[in-house]
Amino acid sequence: MKQLKRYVFALIMLAVTGLLILVNRELGLRAVNTTLFSLKEMILILPPIFVLLGLLDVWVPRETMIRFLGEGSGLKGVLIAITLGSAAAGPLYGAFPVAVILMKKGAKFANILLFIGAWSTTKIPMLLFEISSMGLRFAMTRLAVSLTGIFVIAFVVERVLGRQAIDALYTRSAELDS
Amino acid sequence: MENIVLYSVTALLVVLSWVKDRGKTKQALRKAWKSFENILPQFSGIILMVGILLAFLNADVIGRIIGSSSGWLGVLLASVVGAITLIPGFIAFPTAAMLLQTGAGYMQIGAFISSLMMVGVVTLPLEIKYFGKRAAIWRNALAYVFAFVAALVIGKVMGEL
């Protein structure tokens, strides 16, 4: 029963999709197609990400993570966070569980935000793709704006949240499974 | 290609870990499954919702929205569409290139791509689950504002402004 409750949202959406097929077959089937497509992407990308996360959680000691990404990691930490995010594969939602494990291991919050920012918009494979379809000028301009944006967003979000809220997030990430 | 690399690296590391310490490896895999199962309910709901959304908002409709209207209204609409949809990059870019040919401007496309990549309205519940309401909402709101900055700068650079 408790398991079923977790799936209420999914079941409602499933019902809406079913209804859509009944009302407008073409639209409904298009929805099904898109969902199957996302499902394929999810099945392809998420399992290895989670396995890598499990390994990271078990093998990388907290001290190592703090040295690379923690308080006092400075410019090196910033560069590592952005490189990690840019080298990633898959859509943004894949970044969230990774970020939480990084937090649990003691990465600095600003670096977490930079990591998510990089994952969302400066991913290298996507950049190459953007250059080929939109042209170098467009892609480079957007990259420059995005990079600026990532820093501004990280800075502002950290300020707005404040120490207390951030600490609460870290406590929560530490309680995550284990 | 990306996937092959991802899977090979993962497999290699699992084997390495297994050789070094079976117990730890089992623990890692258990953790992997647990965190996967943790987001599965919300996730299945989200991809169904995206399916429904995109059934209405296909390339044709998007093209009409940002192709016919130029200027900042087009930018605004493009950013809204980008924020609520969740389209993988390898579909989004060719679509964007196509939209460009059918009359959309660089500014609108810039706003669309930027908000598409950085803002996730449908994945917001998931983001909140991991980061809490405040962090998630602030990040998305700021990223949304940045879609307009992107449009402005791209408009200047590409000579539309």
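Residue positions are given per chain, counting from 1 as you read along its sequence in written order. For this description, chains carry letters from A and ligands carry numbers from 1, given in the order in which they are written. Residues qualify for local features only when their pLDDT is at least 70, as the model is predicted, and side-chain atom pairs are given and counted only at 80 or more; totals for whole chains, interfaces and linings, by contrast, use all residues. With hydrogens and water excluded, all non-hydrogen atoms of the structure serve as input to the side-chain values.

So, on to the overall build of chain B. Per the secondary structure count, chain B includes seven helices and zero strands. A compact globule built from 161 residues should have a C-alpha radius of gyration of about 15 Å, whereas chain B, at 20 Å, is more than 25% larger. Total accessible area computed for chain B in this model is approximately 7300 Å², and 71% of it derives from carbon and sulfur atoms. Note that His is not counted, nor are the chain ends; the positive residues are Lys and Arg, and the negative ones are Asp and Glu. Where a charge sits is defined by one atom per residue type, namely NZ (Lys), CZ (Arg), CG (Asp) or CD (Glu). The positive charge centre, built from 13 side chains, and the negative charge centre, built from 6, are 13 Å apart in chain B. In DSSP terms, a helix is any run of H or I states spanning at least four residues, a strand is any run of E spanning at least two, and both are numbered starting from the N terminus. To get the radius of gyration, use the C-alpha atoms; to get the globule rule, take the number of residues to the power 0.38 and multiply by 2.2 Å. Using a 1.4 Å probe, the Shrake-Rupley method yields the accessible areas, and only the shown protein chains count as cover for residues.

Before going further, it helps to examine the nonpolar core. With 89 residues, the main nonpolar core has A:Phe109, A:Ile112, A:Phe115, A:Met134, B:Ile109, B:Ile113 and B:Phe131 as its most contacted residues. Element by element, the count of residues in this core is highest for helix α2 (residues 22–56) of chain B, at ten residues. The contact rule is simple, with two residues in contact once any of their heavy atoms fall within 4.5 Å. In contact with A:Ile112, not counting residues within four places along its chain, are A:Ala99, A:Leu102, A:Met103, A:Ala107, A:Tyr170 and B:Phe131. Of all hydrophobic cores here, the second largest spans seven residues; its members include A:Met13, A:Ala31, B:Leu48 and B:Ile52. The nonpolar core is taken to be a set of buried Ala, Val, Leu, Ile, Met, Phe, Trp, Tyr and Cys residues, with the residues joined through side-chain atoms within 4.5 Å. Partly exposed describes any residue whose relative accessible area lies between the buried limit of under 20% and the exposed limit of over 50%, with all areas from a 1.4 Å probe on protein chains only and scaled to the type maximum.

A word on the confidence of the model for chain B. As a per-residue quantity, pLDDT reports the predictor's confidence and falls between 0 and 100. In the predicted model, chain B carries a mean pLDDT of 87, and the fraction of residues at 70 or more is 96%. Across chain B, the element-wise mean pLDDT spans from 72 in helix α3 (residues 59–68) of chain B up to 94 in helix α7 (residues 124–157) of chain B.

Often, the extent of an interface is quoted as the loss of accessible area on bringing the components together. Of the residues lining the interface, 72 residues belong to chain A; the matching set on chain B comes to 77 residues. Salt bridge, as used here: a side-chain nitrogen of Lys or Arg that lies within 4 Å of a carboxyl oxygen of Asp or Glu. Here chain A is connected to chain B by two salt bridges. A salt bridge links A:Arg6 to B:Glu37; the shortest N-O distance between them is 3.0 Å. For the purposes of these results, a polar contact is taken to be a pair of N or O atoms within 3.5 Å, where, inside protein, one atom must be able to donate a hydrogen and its partner to accept one; residues adjacent in sequence count only when each atom of the pair is a side-chain atom. There are 13 residue pairs in polar contact (both at pLDDT 80 or more) connecting chain A and chain B. Counting only elements with at least two residues in the side of chain A that touches chain B, the list comes to α1 (2–6), α2 (8–23), α3 (25–59), α6 (95–104), α7 (109–121), α8 (124–134) and α9 (136–175) of chain A. Looking at which element gives the most residues to the side of chain A that touches chain B, the answer is α3(A), with 24 residues.

On to the pattern of salt bridges. Taken as a whole and judged by the stated rule, the model has eight salt bridges over all chains. Across the salt bridge formed by A:Arg30 and A:Glu26, the nearest N and O atoms sit 3.1 Å from each other. A residue pair is termed a helical-turn pair when its members lie 3 or 4 positions apart in one helix, as A:Arg30 and A:Glu26 do in helix α3 at four residues. The closest approach of N and O atoms between B:Arg139 and B:Glu127, which form a salt bridge, is 2.6 Å. For the residue pair B:Arg139 and B:Glu127, the accessibility class agrees, reading buried in each case.

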